[in-house]
Amino acid sequence: FGHLRHFDELELVDIQDGLAQFVVEQGVAAGALELGQHTHAVAGDGFGALHFEQKVEDAEGEQAAFGALQRRRSIRDFTDREIPGEMIEALIEAVRWAPSAGNLQSRKFYFVLNRETKMELARAAFNQHFIAKAPLVAVACLDRRIAARYGDRGVNLYSIQDVAASVENMLLTAHELGLGSVWVG
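This structure is a prediction, so every number in the text was calculated from the model and none was measured.

A.B. asks: An account of the pattern of salt bridges is requested, with residue identities and associated values reported.
C.D. replies: Here the structure, examined in full by the defined rule, presents 3 salt bridges. Among the ionic pairs, Glu 176 bridges to Arg 71, the shortest N-O distance being 3.5 Å. Taken as a pair, Glu 176 in helix α5 (residues 147–176) and Arg 71 in helix α1 (residues 64–71) lie far apart in primary sequence, 105 residues in all. Here Arg 96 and Glu 93 are joined by a salt bridge, their closest N and O atoms 2.3 Å apart. Of the two residues, Arg 96 and Glu 93 both sit in helix α2 (residues 85–96), 3 residues apart, roughly one turn of that helix.

Structure (structure tokens):
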């Protein structure tokens, strides 16, 4: 790519002789890619790379993953129904399969079902009382043991990215399972 630049969204600049030129805005990249069965864009952020892929033959339709991104909403009004164990297991699997710096899995998740504990969490989250009404609350924490391999950068950046990727996996999985969810800071 040569140099990287900062932009605000993905913009296809030109397609000519099977080569698509593009810029990725609000990532940090500019470059070109070859068209074939798939359209590929690669964006770099100075710390790693993100690979974006879209099937050309599905250009008019919606891919399942991208569709889930578009349809997922933050839900703060929960029903008083227990979440089945197999759905909770699916959420746990979503966390496990999230990308992780050096595959160290520098995150810990606690799944809270206890009403009193959920009420304490709601108070700790600046009295966001809807939290206590959720049938399940997932508490995401970073694991500082990543410092042994990556030092301060591991604790202050990589572990936060690991947790964030895991939460996003879990939110998308919850949506696909028909569960409402919300990310609470």
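A.B. asks: Tell me about α2, and please be specific about residues and values.
C.D. replies: For α2, which comprises 12 residues, the first-to-last C-alpha distance of 17 Å matches the rise-based estimate of 16 Å (1.5 Å per residue) to within 8%. The complete set of buried residues in α2 reads Ile 88, Leu 91, Ala 94 and Val 95. The buried residues of α2 occupy an angular sector of 110° when projected down its axis, which confines them to one face.

A.B. asks: Break down the nonpolar core for me, with residues and values.
C.D. replies: Counting 12 residues, the largest nonpolar core consists of Ile 83, Ile 88, Leu 91, Val 95, Phe 109, Leu 136, Val 163, Val 167, Met 170, Leu 171, Ala 174 and Leu 179. Looking at this core, the elements with two or more residues in it are α2 and α5. It is α5 that contributes the most residues to this core, 5 residues altogether.

A.B. asks: Would you mind going over the environment of Val 112 in detail, with residue names and values included?
C.D. replies: Along the chain, Val 112 turns up in strand β6 (residues 107–112). Judged by relative accessible area, Val 112 falls into the buried class, the value being 11%. Distance in space between the C-alpha atoms of Val 112 and Leu 136 is 5.8 Å, their sequence separation being 24 residues. Other than its neighbours up to four places away in sequence, Val 112 contacts Thr 117, Lys 118, Leu 121, Pro 135, Leu 136, Val 137 and Val 139.

A.B. asks: An account of the packing of α2 against α5 is requested, with residue identities and associated values reported.
C.D. replies: It is the contact of α2 with α5, at a shortest axis distance of 8 Å, that shows an interaxial angle of 145°. Crossing geometry of α2 relative to α5 is assigned as right-handed. Taken together, the residues of α5 that come into contact with α2 (itself represented by Ala 90, Leu 91, Ala 94 and Val 95) are Ser 166, Asn 169, Met 170, Thr 173 and Ala 174. Looking at the contact of α2 with α5 residue by residue, the class counts come to 6 nonpolar, 3 polar and no charged.

What counts and what doesn't
Residues numbered from 1 in each chain as written. Predicted model: local features only at pLDDT ≥ 70, side-chain atom pairs only at ≥ 80, totals over all residues. Heavy atoms only, no water. Salt bridge = Lys/Arg side-chain N within 4 Å of Asp/Glu carboxyl O. Helix = DSSP H or I, 4+ residues; strand = E, 2+ residues; numbered from the N terminus. Expected span 1.5 Å × (residues − 1). Buried < 20%, exposed > 50% of the residue type's maximum accessible area, 1.4 Å probe, protein only. Arc of directions from axis to C-beta. Core = buried A, V, L, I, M, F, W, Y, C linked by side-chain atoms within 4.5 Å. Contact = heavy atoms within 4.5 Å. Axes fitted to C-alpha atoms, helices over the stretch in contact; angles between N-to-C directions. Left-handed = near helix turned anticlockwise from the far one by under 90°. Nonpolar A, V, L, I, M, F, W, Y, C, P; charged D, E, K, R; others polar.

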